[in-house]
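Next come the chains, spelled out residue by residue.
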Amino acid sequence: MTIKKKHWIHFIIPVIYLLLFGITILSSLPSLKEQQVVKIKDDLLYTGYDTYNGTQYIGSYYYTFTEDGLHFYLLNTRKETGIPSPKLVHGHYETCTKEVEELKESIASATGFTKEEIDQLSSNCFFLEQVPLALSKKIALILSIALALFSVIKIILFLRR
């Protein structure tokens with residue numbers, strides 16, 4: 001009887017792992033759905049501002065004027081000369097943050113416009129480029145998928161007994 005109880009452990013642990021793996025994947029799906037591809041038709045100009053999370057580089061702010069007005073982009077690149085068009089960018093739109101508001105104030109003072117005029121010219125959101133996964137996160141994702149496959153195999157083998 002104790003042998004059968006120990007066999008259930010080989011079944012329960014993979015099931016628990018699969019449940020946790022599934023919950024993690026499902027919780028990240030809404031953010032994956034928000035991602036979109038935007039084709040930038042006009043050359044992007046570097047604002048001179050970068051953003052950091054502590055000491056880690058996040059991206060650089062760029063802008064372009066279109067028929068709809070002034071648009072800001074936070075891209076994961078360091079091209080101080082600007083970025084030629086056309087360019088496809090993966091990411092999503094976000095509402096203006098404190099950094100973007102400070103950027104607008106700086107542009108206003110540099111150009112002679114008021115902050116209100118810059119607000120009228122620009123949209124109330126900016127485009128945030130999707131940052132590619134770091135190598136450590138790619139390795140963790142590959143290991144997670146491998147463990148999930150291993151768990152499925154363990155469950156199938158257990159159910160065949």
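Residues numbered from 1 in each chain as written. Predicted model: local features only at pLDDT ≥ 70, side-chain atom pairs only at ≥ 80, totals over all residues. Heavy atoms only, no water.

Position of T47 among the secondary structure elements: in strand β2 (residues 45-53). Spatially, the C-alpha atom of T47 lies 8.2 Å from that of I107, the residues being 60 residues apart in sequence. When residues no more than four places from it in sequence are discounted, the contact partners of T47 are Y61, Y62, Y63 and L103. At 3.2 Å, the side chain of T47 forms a polar contact with the backbone nitrogen of Y49. Among the polar contacts made by the side chain of T47, one reaches the main-chain carbonyl oxygen of Y61 at a distance of 2.8 Å. (Helix = DSSP H or I, 4+ residues; strand = E, 2+ residues; numbered from the N terminus. Contact = heavy atoms within 4.5 Å. Polar contact = N/O pair within 3.5 Å; in protein donor to acceptor, adjacent residues only side chain to side chain.)

A few words on the nonpolar core. By size, the foremost hydrophobic cluster in this structure holds eleven residues: Y61, L70, F72, L74, V100, L103, I107, A108, I118, F126 and L128. Of all hydrophobic cores here, the second largest spans ten residues; its members include V38, Y46, Y62 and I83. (Core = buried A, V, L, I, M, F, W, Y, C linked by side-chain atoms within 4.5 Å. Buried < 20%, exposed > 50% of the residue type's maximum accessible area, 1.4 Å probe, protein only.)

Here the focus is the pairing of strand β5 (residues 87-95). Direction of pairing for strand β1 (residues 36-40) relative to β5: antiparallel, over a ladder of five bridges. Within the sheet, the bridge partner assigned to V38 lies in β5 and is V89. Two strands pair when backbone bridges link them, and β5 and strand β6 (residues 125-129) are joined in this way by five bridges, in the antiparallel orientation. Bridge pairing in β6 links Y93 to F127. (Pairing = 2+ DSSP bridges.)

A separate point is helix α2 (residues 98-111). At 3.6 residues per turn, the α-helix brings residues three or four places apart onto the same side. For α2, built from 14 residues, the straight-helix expectation of 20 Å at 1.5 Å per residue is met to within 8% by its first-to-last C-alpha distance of 20 Å. All buried positions along α2 are accounted for by V100, L103, K104, S106, I107 and A108. Of the surrounding elements, those touching the buried residues of α2 are β2, β3 (56-66), β4 (69-75), α3 (115-121) and β6. Backbone geometry just after α2 places G112 at a positive phi near 90°. (Expected span 1.5 Å × (residues − 1).)

Moving on, we get to the pairing of β3. As judged from the six bridges shared by β2 and β3, these two strands associate in the antiparallel manner. Within β3, the position partnered with Y46 by the bridge is Y62. Between the end of β2 and the start of β3, which pair antiparallel, lie two residues, with G54 showing a positive phi angle near 70°. For β3 and β4, the ladder comprises seven bridges, and the chain directions are antiparallel. Of the residues in β4, the one forming a bridge with T66 is G69.

Scanning the model with the defined rule gives four salt bridges in all. Between E101 and K104 there is a salt bridge; the shortest N-O distance is 3.9 Å. One end of the pair is E101 and the other is K104, both in helix α2 and three residues apart, which spans about a single turn. Here K104 falls in the buried class, since its relative accessible area comes to 3%. (Salt bridge = Lys/Arg side-chain N within 4 Å of Asp/Glu carboxyl O.)

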